[in-house]
Amino acid sequence: MDRFKNFHFRGQHSEEKIIKIVRRHWFNIFQQYLIIFAMVFLLILSIQILPGILSIPTNSPEFWFVESFFAIIIWIYIFILWIDFYFDVWIITDNRIVNIEQKALFMRHISELDFSKIQDVSTEVDGLIPTVLNYGDVHIQTAGTRGRFLFHKVPDPYGLKGLIMDMQNRVARKKVEKNKENKSPFLENDV
Amino acid sequence: MYAMANTFYLLVLLGFFIVSLFIIYHIVKYSINKNSSQVMLLIFVPVMIFLVLLNIIFFSRIKLEEFFIFSQLTI
């Protein structure tokens, strides 16, 4: 069964099949959400403590207006961080890699790389937490002028590297087979 | 003074509305999976509406005339 049959991205070719969708490791969003946890904690703490300190009644509309105002800001901030995480995605299809890079709400960058242009794939797991949680960077050196293609803070970088190299070999084999099929029978007889 | 406070509050509400629209636009337009975009909308929109309505209710309950007299006295 096709795991990604409900997935579709802009620019996907009609016969193109999604093999894997990669997002940054959950620890990355957890780190960003630490500030949200702190803000929620402060909000709850202020509801408990502030009426006592400022000697204002707990049913004061001014107090609840300010609290609900900060709750809205926190809620919006939660989703801005979530969009930055969730829409920052690498899509591996059966013939290319598409990188959709989302930066907050107003910046979006899309790039793609054919497997045939890959020259070298390397991984980098740097630090204690990335080693324990098994996440890191995967660098792809390309043949073109674009230089490097980077998977940043992705889970299981070694597995991903293996998958990319496997796909690269598969595409190369397909290309050779296609060339053989297209070769003229006269030329084959000459050899 | 009250008109200024009301206008300023309306501008803040407009800001919330525009940011919310941007978030909804991203969820609808750029999601690669329609099911997850529906879930995200179902979480974001009702909570946002609830919080904004709550905020409007609390703002409407603030007695601005008392509030401004109090702040003038403290200054």
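The rules behind the values
- Residues numbered from 1 in each chain as written.
- Chains lettered and ligands numbered in written order.
- Predicted model: local features only at pLDDT ≥ 70, side-chain atom pairs only at ≥ 80, totals over all residues.
- Helix = DSSP H or I, 4+ residues; strand = E, 2+ residues; numbered from the N terminus.
- Buried ≥ 20, exposed ≤ 12 C-beta atoms within 10 Å, placed from the backbone.
- Pairing = 2+ DSSP bridges.
- Axes fitted to C-alpha atoms, helices over the stretch in contact; angles between N-to-C directions.
- pLDDT = per-residue confidence, 0-100.
- Parallel < 35°, antiparallel > 145°, perpendicular 65-115°, else oblique.
- Left-handed = near helix turned anticlockwise from the far one by under 90°.
- Contact = placed C-beta atoms within 7 Å.
- Nonpolar A, V, L, I, M, F, W, Y, C, P; charged D, E, K, R; others polar.

### Looking at the overall build of chain B
Helix and strand counts for chain B stand at 3 helices and 0 strands. From first element to last, N terminus to C terminus, chain B shows the α and β order α-α-α. The buried share among the 75 residues of chain B stands at 13%.

### Observations concerning the sheet that holds strand S5 (residues 118-124) of chain A
All names here are of chain A. One open sheet accounts for 3 strands, arranged S5-S6-S7; its pairing is antiparallel. Looking at which strands have only one partner, the edges of the open sheet turn out to be S5 and strand S7 (148-155). This sheet shows a mean twist of 15° between the axes of neighbouring strands, independent of strand direction. Here strand S6 (residues 135-142) runs beside S7; their pairing, made up of 6 bridges, is antiparallel. Within the sheet, the bridge partner assigned to isoleucine 140 lies in S7 and is phenylalanine 149.

### Details of the confidence of the model for chain A
Predicted coordinates in areas of low pLDDT are best not read in detail. Of all residues in chain A, 93% have pLDDT values of 70 or greater, and the mean over the chain is 87. Within chain A, the lowest mean pLDDT, 57, falls on helix H5 (residues 185-190) of chain A, and the highest, 95, falls on helix H3 (residues 128-133) of chain A.

### A word on the packing of helix H2 (residues 61-86) of chain A against helix H1 (residues 2-30) of chain B
How two helices sit against one another is set out by the angle between their axes and by the gap between those axes. Following both chains from N to C, one finds H2(A) and H1(B) inclined at 25°, their axes separated by 11 Å at the closest point. Considering the angle they form, H2(A) stands roughly parallel to H1(B). Seen along the crossing, H2(A) lies across H1(B) with a hand that is left-handed. Contact with H2(A), carried on its side by Ile72(A), Ile76(A), Phe79(A) and Ile83(A), involves Phe16(B), Val19(B), Ile23(B) and His26(B) of H1(B) and no other residues of that element. Among the residues forming the contact of H2(A) with H1(B), the class breakdown is 7 nonpolar, 1 polar and no charged.

### Examining the sheet that holds strand S2 (residues 89-93) of chain A
Residues and elements named next belong to chain A. The strand order S1-S2-S3-S4 describes an open sheet built from 4 strands, whose pairing is antiparallel. Each of the sheet's edge strands pairs with one partner strand only, and the pair in question is strand S1 (18-23) and strand S4 (107-114). Ignoring which end each strand starts from, the neighbouring axes of this sheet average 15° apart.

### A short note on unusual backbone geometry
All names here are of chain A. Backbone geometry places lysine 153, a non-glycine residue, at a positive phi of 50°. Locating lysine 153 in the fold gives a position in strand S7. The phi angle at aspartate 156 is positive, at roughly 50°, despite the residue not being glycine. With respect to the helices and strands, aspartate 156 occurs in the loop between S7 and helix H4 (157-182). Look at aspartate 156 and you get partly exposed, because 16 C-beta atoms sit within 10 Å.

### Observations concerning the environment of Ile76(A)
All names here are of chain A. Mapping isoleucine 76 onto the fold places it in helix H2. Residue isoleucine 76 is classed as partly exposed on the basis of its C-beta count, with 19 C-beta atoms lying within 10 Å. The spatial distance from the C-alpha of isoleucine 76 to the C-alpha of asparagine 182 is 57 Å, given a sequence separation of 106 residues.

### Overview of the packing of H1(B) against helix H2 (residues 34-61) of chain B
Residue and element names in this part refer to chain B. Running from N to C, H1 and H2 cross one another at 175°; their axes reach a closest spacing of 10 Å. Regarding the angle of H1 to H2, the classification is roughly antiparallel. Contact residues: Tyr9, Phe16, Ser20, Ile23, Ile24, Ile27 and Val28 in H1; Ser37, Met40, Leu41, Phe44, Met48, Val52 and Phe59 in H2. Looking at the contact of H1 with H2 residue by residue, the class counts come to 12 nonpolar, 2 polar and no charged.

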